[in-house]
Amino acid sequence: MNFKVRSILLIMMVSGTSCKNSRDSYPVPPPNPMAESFIMETKPFEIGDETYKADFGTITVPENRSKSEPRLISIPFLRIHSRSKNPGVPIFGLAGGPGQSNMNWNRSFAGAFLADHDFVLVGYRGADGSTILDCPEVSKALKTGDDLMGEESIKAIGRAWVSASERLEARGIDLDGYTMPECIEDNESVRKALNYNRINLISESYGTRIAYLYGLKHPEHIFRSAMISVNPPGRFIWEPQVIDDQLKYYGNLWLKDTVMVKKSPDLYATMQKILNDMERKWLFLSIDPGKVKVVTFSLLFHRSTAAQAFDAYLAAEQGDPAGLALMSLAYDFILPSMMTWGDLASKAVSADFDSTRNYFIEMDPSGMPLGSPMSKLLWGPLTYGRWPVNMISEEFRSPQPSDVETLLLSGSVDFSTPAVFATNELLPFLKNGKQVILYEYGHVGDVEYVNMENTRLILKSFYNTGVPDLSLNACIPMDFNVKWGFPKIMKLALGITALVGIGIIAGLIWLFKRYRRIRAVKKAAE
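Reading guide: rules and limits
- Residues numbered from 1 in each chain as written.
- Predicted model: local features only at pLDDT ≥ 70, side-chain atom pairs only at ≥ 80, totals over all residues.
- Heavy atoms only, no water.
- Salt bridge = Lys/Arg side-chain N within 4 Å of Asp/Glu carboxyl O.
- Helix = DSSP H or I, 4+ residues; strand = E, 2+ residues; numbered from the N terminus.
- Buried < 20%, exposed > 50% of the residue type's maximum accessible area, 1.4 Å probe, protein only.
- Pairing = 2+ DSSP bridges.
- Axes fitted to C-alpha atoms, helices over the stretch in contact; angles between N-to-C directions.
- Contact = heavy atoms within 4.5 Å.
- Phe/Tyr/Trp six-rings, centres within 6.5 Å; stacked < 30°, edge-to-face > 60°.
- Lys NZ or Arg CZ within 6 Å of the ring centre and 35° of its normal.
- Polar contact = N/O pair within 3.5 Å; in protein donor to acceptor, adjacent residues only side chain to side chain.
- Disulfide = S-S within 2.5 Å.

Student: Outline the pattern of salt bridges, supporting the account with residue identities and numerical values.
Tutor: Applying the stated criterion across every chain, the model contains 23 salt bridges. Its salt-bridge partner being Arg-65, residue Asp-186 comes within 3.0 Å of it at the nearest N-O pair. Placement of the pair is Asp-186 in helix H5 (residues 180-193) and Arg-65 in the loop between strand E2 (50-62) and strand E3 (72-80), with a sequence separation of 121 residues. Judged by its relative accessible area of 0%, Asp-186 is buried. On the basis of relative accessible area, Arg-65 is assigned to the partly exposed category, the value being 26%. Note that Lys-347 and Asp-343 form a salt bridge whose closest N and O atoms lie 2.5 Å from each other. Highlighted residues: Lys-347 and Asp-343, both in helix H13 (residues 341-352), separated by four residues, approximately one helical turn. Judged on exposure class, the residue Lys-347 and its partner Asp-343 are both buried.

Student: Could you give an account of the sheet that holds strand E4 (residues 91-94), with specific residues and numbers?
Tutor: The strand order across the open sheet built from nine strands is E1-E2-E3-E5-E4-E8-E9-E12-E13, with neighbouring strands paired in mixed fashion. In this open sheet, the two strands that pair with only one neighbour each are strand E1 (38-47) and strand E13 (433-438). Across the sheet, the mean angle from the axis of one strand to that of its neighbour is 20 degrees, orientation sign disregarded. Docked against the sheet, helix H6 (residues 206-217) engages E4, strand E8 (199-204) and strand E9 (222-228), running at close to 150 degrees with respect to E8.

Student: Let's hear about the packing of aromatic side chains: which residues, and what values?
Tutor: The tally for this structure, following the rule as stated, stands at 27 aromatic pairs. When the centroid spacing of 5.2 Å and the interplanar angle of 90 degrees are considered together, the rings of Phe-297 and Phe-301 count as edge-to-face. Relative accessible area serves as the criterion here: at 7%, Phe-301 is assigned to the buried category. Plain terms: the ring middles of Phe-360 and Tyr-384 are 5.8 Å apart, the flat faces sit at 70 degrees to each other, and that makes the pair edge-to-face. Of this pair, Phe-360 sits in helix H14 (residues 359-362) while Tyr-384 sits in the loop between helix H15 (373-379) and strand E12 (405-411); the two residues are 24 residues apart in sequence, bridging distant segments of the chain. Under the relative-accessibility criterion, Tyr-384 is labelled partly exposed at 32%. Members of the aromatic cluster, each reached through a chain of ring pairs, are Trp-105, Phe-109, Phe-113, Phe-119, Tyr-449, Phe-462 and Tyr-463. One cation-aromatic arrangement involves Arg-125 over Tyr-178; the distance from NZ or CZ to the ring centre is 5.8 Å. The aromatic ring of Phe-236 is capped on one face by Arg-209, whose charged end is 4.0 Å from the ring centroid.

Student: Outline the side chain of Thr-179, listing residues and values.
Tutor: Here Thr-179 lies in the loop between helix H4 (151-170) and H5. Given the relative accessible area of 6%, Thr-179 is considered buried. In contact with Thr-179, not counting residues within four places along its chain, are Lys-347, Ser-350 and Ile-392.

Student: Before we move on, could you go through the environment of Asp-257 and cite the residues and values that matter?
Tutor: Topologically, Asp-257 is positioned in the loop between helix H7 (240-255) and helix H8 (260-263). A polar atom in the side chain of Asp-257 sits 3.0 Å from the backbone nitrogen of Val-259.

Student: Break down the state of the cysteines for me, with residues and values.
Tutor: Two cysteines, two sulfur atoms, one covalent bond between them: this is a disulfide. Inspection of every chain in the model, using the stated rule, returns zero disulfides. With no disulfide of its own, Cys-183 has Cys-135 as its nearest cysteine by sulfur position, at a separation of 16 Å.

Student: Would you mind going over the environment of Gly-150 in detail, with residue names and values included?
Tutor: With respect to the element layout, Gly-150 can be found in the loop between helix H3 (136-142) and H4. Gly-150 sits 210 residues away from Phe-360 along the chain, and the two C-alpha atoms are 9.6 Å apart.

The structure is reproduced here in structure tokens:
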């Protein structure tokens, strides 16, 4: 697939700010390094037009600190130096995931804090460093035919999880070492190596879970912690009832839009109609309802992509399923390769797996048109397979009291980490906690970039004073308008492909005719 078409598909899948591969290089440890030893190189680091001094390092740590003689692994880390002569408490970043790198934060976002703080990133073991828990077996199983959510497909994915874990263990990898508590200790190792006493944390989505547990394990070393799109203990599973309620909430926002309500008087009913009886083909392209559901859920994370999803369902209701065909196609090109699946499994299963639940059935209840497709896809296979990792300590699997100064930043229409979870399940346990809800914002990307100046002011003031400055905070109403919807994009892409094909055929015909004329001239000359 060419770059332009792939870029069109990439905008459809949403998963935080990290990318799977870092563009930076890190020093290689010497042969046979000791545990907690590190190597570091100082190089320039560019953020826009600005150049900062940065330390690129690699630290060697135990794979499983609970073992007496563990295997050693290496983890990259990065410190971007503040230009201040007297910088404040450094900020350690913890990105979203699991299954993604922690080393590719948006540079301009990190740069917003460098006037007053060093900014430090420590790789996520399993997704960064010497041991990457890639699972090609799972990626292949996720590229199923036209029935992604069928029982046979889910069983095949379950078998793939088992095969992948057996292969990794046969390589000598201890899967029990790739958990959130071990990630916390990696950050502690780097904190000590860089001679910091106390640190601030900034975290996103999955990273907020690590940040919260970090405050429980080492409260004496955490000064202030800002969490964006908060994931409390137990919330790696997206529950279908919550998703259904959120769709209805969007339906209420839709009713306030006098233009959109003329296109559909009931957004929820439109989606319900299409999801319950979806077309299975557009022109020559198959449409897999399961794949469409997974992509729909991913698009609902952020307000701009949610509008794209709604536009595709409106078009389908009017007899044009081209947008759904694009969503089904996008799944195959994007999702199977977008995660380091073994890292996702080790972190998520060790924290939130409940062996008493049948995720395959529970995540797709009757009466809820979308259900919880991502949970069914990721957790449903564990009904038929397993990922052999022990559960982390019970104290880290349920909310516990914390004295760390904590700021919770939530979007009111966040499908991935709903604001109500932070409000009801985590905030009551934070003695020094505050929550700011940004109305009609979605997941991480919305919180950080819909009103960038507001978010940065809130965060910088919190780190500097302990009090978030809300002077720029205001509701930005949801905009359902779409200029370039998926149906239009799909038809344009198909049209361009057809024109290119016609052009190639026309060129070949011209070349053939020219060849025949030349031969005819040569024969006549003879």
